[in-house]
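Commentary on secondary and tertiary structure
Okay, here's what each chain looks like letter by letter:
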Amino acid sequence: MGTIKLYLDDPYLKEFESRVLEKKGNIILLEKTAFYPEGGGQPYDTGIIYGNEEYSVIRVFKEGDMVYHELDRNFSDEENVRGRINWDRRYSHMRHHTAIHVLSGILFKDYGARITGSQIYEDRARMDINYDLGREMLPEIEAKANEIVKKGLEVTWYYIDRKDFRDDMVRIREDLLPEGDKLRIVEIKGFDMQADGGTHVKNTSEIGNIKITKYENKGKMNKRIYINLL
Ligand SMILES: [Zn+2]
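Residues numbered from 1 in each chain as written. Predicted model: local features only at pLDDT ≥ 70, side-chain atom pairs only at ≥ 80, totals over all residues. Heavy atoms only, no water.

1. Here we look at the nonpolar core
Put simply, the rule is: By nonpolar core is meant a set of buried Ala, Val, Leu, Ile, Met, Phe, Trp, Tyr and Cys residues that side-chain atoms within 4.5 Å join together. Three labels apply to residues, based on accessible area from a 1.4 Å probe with only protein chains included: buried if under 20% of the type maximum, exposed if over 50%, partly exposed otherwise in between. Strands are runs of DSSP state E lasting at least two residues, helices are runs of H or I lasting at least four, and both sets are numbered from the N terminus onward. Where each domain starts and ends follows an automatic or database-derived domain assignment. Contacts are residue-level and defined by heavy atoms, with any inter-residue pair within 4.5 Å sufficient.
Ile49, Leu107 and Ile210 are the most contacted members of the largest nonpolar core, which has 54 residues in total. Per element, the largest residue contribution to this core is nine residues, and it comes from helix H2 (residues 87-111). Of the domains in this structure, domain 1 (4-85) and domain 2 (90-229) are the two that each give at least three residues to this core. Excluding residues within four positions of it along the chain, Ile49 makes contact with Ile28, Leu30, Phe35, Glu54, Tyr55, Val57, Leu71, Phe75, Val81, Arg82 and Gly83.

Quick look at the structure:
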């Protein structure tokens with residue numbers, strides 16, 4: 001059985017308690033965690049693990065279905081710990097991640113464009129678009145994205161059977177889809193559905209104003225844009 005991933009059901013959870021299942025030097029495996037491991041273009045969380053002492057979490061990564069926490073020093077502490085994630089960093093990732101879904105929803109619906117890659121940072125995000133997107137189209141796309149933000153649409157997440165999966169639920173290349181019988185869907189109510197394993201805000205109004213700050217022409221069907229949230 002894998003680590004219980006508390007962040008999938010409740011991305012707003014900041015603190016949790018867990019048993020330590022494994023410790024190897026400065027790496028620990030927990031029974032459950034609110035720490036998001038690197039994946040899907042969303043960076044890992046940082047934060048603190050509290051035993052008898054305090055440890056900084058400097059990296060979180062996934063191996064198979066297990067989530068490992070890399071600490072600032074060797075762990076030889078209690079079997080039960082408390083964890084607290086760096087909320088400012090995580091919340092910024094959540095806002096940028098949902099912003100990417102808003103933009104990719106517009107690009108797919110209105111232009112038939114797919115996203116071939118994306119990367120979230122604490123203060124910006126990058127998207128690679130498989131479409132002949134001209135620079136002159138950016139103001140229109142940005143305006144459409146901000147309309148969705150202003151509408152304050154609810155964002156939900158749930159699981160579906162793989163057999164119920166439809167081609168239009170994916171914006172990324174199909175070969176990047178996670179494995180397994182169940183697929184997690186992130187839905188912006190009435191607007192967009194995507195297969196996704198990341199953490200999102202629960203309402204598009206939390207994203208803030210989306211600004212497309214940079215455009216790179218990397219080939220006819222390969223454009224890269226950067227966004228900032230104001
Ligand atoms: Zn996503």
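Structure's up, so let's keep going.
2. Re H2
Quick reminder of the rule: Any helix carries an expected span of 1.5 Å times its number of residues minus one. Two N or O atoms count as a polar contact when they lie within 3.5 Å, although within protein this holds only if one can serve as hydrogen donor and the other as acceptor, and sequence-adjacent residues are included solely when both atoms are side-chain atoms.
Along its 25 residues, H2 runs 35 Å from first to last C-alpha, staying within 8% of the 36 Å computed at 1.5 Å per residue. Most of H2 sits out of view: 21 of its 25 residues are buried. The residue sitting at the N-terminus of H2 and contributing the capping side-chain oxygen is Asn86; that oxygen lies 3.4 Å from the backbone nitrogen of Asp88. Residue Gly112 follows H2 closely and has a positive phi angle near 70°.

3. A look at the coordination of the zinc ion
Our working definition: Here a donor is any nitrogen, oxygen or sulfur atom (N, O, S) within 2.8 Å of the metal, with 3.2 Å used for Na, K and Ca; water is not among the atoms considered, so some sites may look incomplete.
The coordination sphere of the zinc ion contains the protein donors His97 (NE2), His101 (NE2) and Asp196 (OD), at a distance range of 1.9 to 2.1 Å. Taken in chain order, the donor set of the zinc ion reads H-x3-H-x94-D. One end of the pair, His97, is in helix H2; the other, Asp196, is in the loop between strand E13 (192-195) and strand E14 (210-217), and 99 residues separate them in sequence. A residue is classified by how much of its surface remains accessible, and Asp196, at 14% relative accessible area, is buried.

4. Things to note about the packing of H2 against helix H3 (residues 138-151)
To describe two helices that pack against each other, one gives the angle between their axes and the distance between the axes. Here is the rule we go by: Orientation is described by axes fitted as lines to C-alpha atoms, over the contacting stretch for helices, and by angles from 0 to 180 degrees between their N-to-C directions. Roughly parallel means an angle under 35 degrees; roughly antiparallel means over 145; roughly perpendicular covers 65 to 115; every other angle is labelled oblique. A clockwise turn of the near helix away from the far one marks a right-handed crossing, whereas an anticlockwise turn of less than a right angle marks a left-handed crossing. Residue polarity is assigned by list, with Asp, Glu, Lys and Arg as charged and Ala, Val, Leu, Ile, Met, Phe, Trp, Tyr, Cys and Pro as nonpolar; anything else, Gly included, falls into the polar class.
Relative orientation of the contacting elements H2 and H3 amounts to 120°, with a least axis distance of 9 Å. Relative to H3, the element H2 is oriented oblique. Of the two possible hands of crossing, H2 and H3 adopt the one that is right-handed. Seen from H2, the contacting residues are Val102, Leu103, Ile106, Leu107, Asp110 and Tyr111; seen from H3, they are Glu140, Ile141, Lys144, Ala145 and Ile148. Residues belonging to the contact of H2 with H3 are distributed by class as follows: eight nonpolar, no polar and three charged.

5. Some details on the pattern of salt bridges
Oppositely charged side chains may form a pair once their charged atoms are brought near each other. Applied cut-off: Each salt bridge in this description consists of a side-chain nitrogen of Lys or Arg and a carboxyl oxygen of Asp or Glu lying within 4 Å of one another.
Within this structure, the stated rule accounts for 24 salt bridges. Between Arg124 and Asp123 there is a salt bridge, and its shortest N-O distance comes to 3.0 Å. Residue class for Arg124 comes out partly exposed when judged on its relative accessible area of 31%. A salt bridge links Arg126 to Asp128, with the shortest nitrogen-to-oxygen separation between them at 3.7 Å. Look at Arg126 and you get buried, because its relative accessible area is 17%. Overlapping salt bridges, with partners in common, bring together Asp161, Lys163, Asp164 and Lys182 in one network.

6. Notes on the domain arrangement of the protein
Often, the extent of an interface is quoted as the loss of accessible area on bringing the components together. Test applied: Here the buried area means the combined drop in accessible surface, using a 1.4 Å probe, for two parts upon being joined, counting both sides.
For the protein, the assigned domains read domain 1 (4-85) and domain 2 (90-229). A C-alpha centroid distance of 27 Å is found between domain 1 and domain 2. In this complex, domain 1 contributes 14 residues to the contact, which on the side of domain 2 involves 18 residues. Taking both sides of the interface into account, the surface hidden between domain 1 and domain 2 amounts to around 1,300 Å²; carbon and sulfur atoms contribute 49%. For the domain 1 face of the interface with domain 2, the top three residues by lost area are Leu8, Tyr12 and Gln42, together amounting to 43%. Between Arg90 and Asp45 there is a salt bridge; the shortest N-O distance is 2.8 Å. Our count for the domain 1 to domain 2 interface comes out at twelve residue pairs in polar contact (both at pLDDT 80 or more).

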